[in-house]
Number of protein chains: 2
Amino acid sequence: MEKESSVTPWEVKGEVDYARLLREFGISPIKELPPQLKDEFLFRRGVIFAQRDLKQILSAIGSKKPFVMMTGMMPTGKFHIGHILVAKQMMLFQKLGAKLYIAVADIEAYLARTQSLETSRQIAINDYILNYIALGLNKENCEIYFQSSRSKNSEKANSFYRLQALLSRYVTFNEFKAIYGDISPGKMSAALLQAADMLHPQLPEFEGQIPVVVPVGIDQDPHLRLARDLSQRIKDYKFVQLSSTYNIFLPGLSGGKMSASDPSSYIALTDTEKEVEKKIKKYAFSGGKDTIAEHRKLGGNPDIDVCFQYLNLLFEEDDKKLASIYNNYKSGKMLSSELKDYTIKKINSFLKEHQKKREEAKKRLGEFIKLN
Amino acid sequence: MEKESSVTPWEVKGEVDYARLLREFGISPIKELPPQLKDEFLFRRGVIFAQRDLKQILSAIGSKKPFVMMTGMMPTGKFHIGHILVAKQMMLFQKLGAKLYIAVADIEAYLARTQSLETSRQIAINDYILNYIALGLNKENCEIYFQSSRSKNSEKANSFYRLQALLSRYVTFNEFKAIYGDISPGKMSAALLQAADMLHPQLPEFEGQIPVVVPVGIDQDPHLRLARDLSQRIKDYKFVQLSSTYNIFLPGLSGGKMSASDPSSYIALTDTEKEVEKKIKKYAFSGGKDTIAEHRKLGGNPDIDVCFQYLNLLFEEDDKKLASIYNNYKSGKMLSSELKDYTIKKINSFLKEHQKKREEAKKRLGEFIKLN
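Keep in mind it's a predicted model, so treat the numbers as computed, not measured.

Right, let's talk about the overall build of chain A for a bit. Helix and strand counts for chain A come out as 17 helices and nine strands. In terms of overall size, chain A behaves like a compact globule, its C-alpha atoms giving a radius of gyration of 21 Å where 372 residues would be expected to give roughly 21 Å. Its C-alpha atoms give chain A principal-axis dimensions of roughly 70 × 50 × 45 Å. Looking at chain A as a whole, 45% of its 372 residues qualify as buried. Of all intrachain contacts in chain A linking residues separated by at least 6 positions in sequence, the fraction that spans at least 24 positions is 74%.

Have a look at this one:
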């Protein structure tokens, strides 16, 4: 039974059919990872599940050659546990030798969400960047910038925006429509700026020709397809083709995508213990049966249980422990209430530690971004 | 008898019907100039023949308050005598107290004419700017910049391109189509950049809220209409509404618009005496009769004679002399060959002096623009 679904960079509606999206967009599953990567949490748990041209990045990692991870944040709404998946990828690739470029998409928020630049700035600094630091972002090899104010270095600033302008020659309206569906001048401008975001690390004023990997949710892939096409059409620069990795969406509390615009769908990194407990108990979609007796007899379904997904994708690092939860829940030995209690405990233990680190990170904000 | 005509920023086709264009675009004729302006060559000869919101500029001139003249060059093809009309306006307004902002539209040339940035740079510096200097451009109160590289000051660079991006939120595709006719992403991007060109002098990083006058040919008016509309829609900044003046096109040698892409239509500022003589004799459209006898009897028509227009709009400063040429030609006392000879003499005398100044200007280029 198919639900109506739509996945574009500006909207994710309905159920996400990953297999269909991969087929449609020409993205490949991940196989043949070097051993040290295969064992990494994000890969072994399938958080990063697909890629395009990842080979050149693996090769740069293997031979300790420089490469870039380019990523960004759209600072609209609260930083929630779904955002941790992207943050973890930043830290992982930074550890593997990437220089990080992190764009604050304040222009996109202005154009596509009509949010003021100042609001974006406040949310980016006091929520997103603060959380990144608390989650372990290293200030070395890390450049955070605002789309509206690329650099304090004028040559870098000029060359970034110049690239955006030049790229507009190499795309037609029909292509925009094919890639994005509905399009307006503002969204077109935002899309070209995103292409410049992804490609500019390779400009001579930045790192020069170099492999760049962009970790995205599948909904952001249109931006990547556009940037990849444009990079090969413009002859004023030579670009190594962009690589990309795809992470699954952390499900929202009641299923669907976790969305910063719906507080009952997410757990924020600033939520209190009580709020976490309440949200999980009230909203978290359960794979359990309607009655305890039935559950004991038939077992639950961990594959559709939101708490189990949270443990699998984020909070239970111990594979054996996770497997035993899976089996116990499936057999009916573990009840939904027990799974929820365990998940609440894990999340709150993480948040307690994280919120302490977040307080400490406030002092270090200035090391990552110029504050006024 | 109406010829098919079309006037857009990227093409002027057929005869230009100024009266119709003024009506269509809502531009007003010039009346009530202060005496010192009325006597200026450009106004008394009708070179500048129409305006929008010129009052606030006249008032700034009258009270010696700061104002900006924003103008630009599209460095495709040779600098010809038609370009002198714009240059003269720059010098006039500079003399009247304006700060000049001069954009080299290298991004527009890249997007709308597929000319490389480097070619634009060479033509801009070694032809256009050189001629401006030779024609009397003052380095004080004068800022020349490339669209592709707005400023060596990063705050200025960031804020200029930021404005272009933000403006894209306030326009629809249908408006673009209504204003420009045919439109592509590249031309849309160029149009938004032009709007930023015209509006950015008023940003806090530049002059702040201040009257800005943009002198244009009527074909560039769509850019102005767009910039004027956008300036009142965007609420992130407060803009004084743009003023504009309209100059007539210097006719090409055989009529129509003088076009840098058709060498038989123009006299370049680097043409030799011989070339000028040959072009005028061979191509200049004459208002005279077919035979000398007929001309002596019926007289010529100075109003459609291209040489007479060149004298009127550019090369004959002496009003009495011009009037006597007009009358003598009209009565048949002056022959077409005599009018051509006189015009050749005037142009060559101007060019001889100009080319000397042009050589001297080469040493001063670095005072106007950063050379590598």
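With that out of the way, let us pick up the sheet that holds strand β8 (residues 212-217) of chain B. Hydrogen bonds between backbone groups are what pair the strands of a sheet, and the pairing can be parallel or antiparallel. Spatial strand order, β3-β4-β9-β8-β5-β6-β7 (chain B): seven strands in an open sheet with mixed pairing. Each edge of the open sheet carries a strand with a single partner, namely β3 (28-29) and β7 (142-146) of chain B.

On to the domain arrangement of chain A, then. Residues and elements named next belong to chain A. The domain boundaries assigned to chain A delineate domain 1 (6-248) and domain 2 (263-360). The interface is formed by 13 residues belonging to domain 1 together with 11 residues belonging to domain 2. Elements supplying a minimum of two residues to the side of domain 1 that touches domain 2: α5 (81-95) and α7 (117-134). Looking at the side of domain 1 that touches domain 2, the element that brings in the most residues is α5, giving four residues. When grouped by side-chain class, the residues that make up the side of domain 1 that touches domain 2 number eight nonpolar, three polar and two charged.

The next point concerns the relation of the copies chain B and chain A. Placing chain B over chain A gives an RMSD of 0.0 Å and needs a rotation angle of 180°, together with 0.0 Å of translation along the axis. Taken together, these values place the two copies in the relation of a two-fold axis. When C-alpha distances to the rotation axis are compared across chain B, the minimum falls at Ser154 of chain B, with a value of 2.0 Å. Counting the interface residues of chain B, we find that 100% of their copies in chain A are interface residues as well, pointing to one common contact surface.

So, about the pairing of strand β4 (residues 48-52) of chain B. Residues and elements named next belong to chain B. Counting buried residues along β4, four of its five residues qualify, which places the element largely inside the surrounding structure. Where β4 and strand β9 (residues 243-247) come together, four bridges link them in antiparallel fashion. Note that in β9 the partner of Gln51 across the bridge is Thr245.

Let's shift gears to the interface of chain B and chain A. Size of an interface: often given as the accessible area lost when the parts come together. At the junction of the two partners, chain B supplies 28 residues and chain A supplies 28 residues. Among the elements of the structure, α6 (106-113), α8 (154-167), α9 (173-180) and α10 (185-199) of chain B are those that each provide at least two residues to the side of chain B that touches chain A. When residues of the side of chain B that touches chain A are assigned to their parent elements, the largest contribution, seven residues, is made by α8 of chain B. For the side of chain B that touches chain A, the per-class residue count stands at 13 nonpolar, 11 polar and four charged.

Let us look at the nonpolar core. Core analysis: the largest hydrophobic core is formed by 204 residues, its most contacted members being Ala195 of chain A together with Ala195 of chain B. Apart from residues lying up to four places away in sequence, Ala195 of chain A is in contact with Leu167, Leu226, Ala227 and Leu230 of chain A.

With the exception of glycine, most residues fall at negative phi, and the peptide bonds are largely trans. Residue and element names in this part refer to chain B. For Asp53, which is not a glycine, the phi torsion comes out positive at approximately 50°. Within the fold, Asp53 resides in the loop between β4 and α4 (55-62). One non-glycine residue with positive phi stands out, namely Thr114, at about 50°. Looking at the element boundaries, Thr114 is found in the loop between α6 and α7 (117-134).

For the rest of this paragraph, the subject is the pairing of β9 of chain B. Residue and element names in this part refer to chain B. Burial analysis of β9 places five of its five residues in the buried class, the great majority of the element. Covered by surrounding structure in β9 are Ser243, Thr245 and Asn247 together with Ser244 and Tyr246, the residues of both alternating faces. Alignment of β8 against β9, held across five bridges, turns out to be parallel. Considered in β9, the bridge of Val213 is made with Ser243. Following the backbone out of β8, through helix α11 (residues 221-233) and into the adjacent parallel β9, one traces a crossover that is right-handed.

How each quantity is defined
- Residues numbered from 1 in each chain as written.
- Chains lettered and ligands numbered in written order.
- Predicted model: local features only at pLDDT ≥ 70, side-chain atom pairs only at ≥ 80, totals over all residues.
- Helix = DSSP H or I, 4+ residues; strand = E, 2+ residues; numbered from the N terminus.
- Rg over C-alpha atoms; globule rule 2.2 N^0.38 Å.
- Buried ≥ 20, exposed ≤ 12 C-beta atoms within 10 Å, placed from the backbone.
- Contact = placed C-beta atoms within 7 Å.
- Pairing = 2+ DSSP bridges.
- Domains from an automatic or database assignment.
- Nonpolar A, V, L, I, M, F, W, Y, C, P; charged D, E, K, R; others polar.
- Least-squares fit on C-alpha atoms with pLDDT ≥ 70 in both.
- Core = buried A, V, L, I, M, F, W, Y, C linked by C-beta atoms within 7 Å.
- Right-handed = clockwise from strand over helix to strand, strands pointing away.

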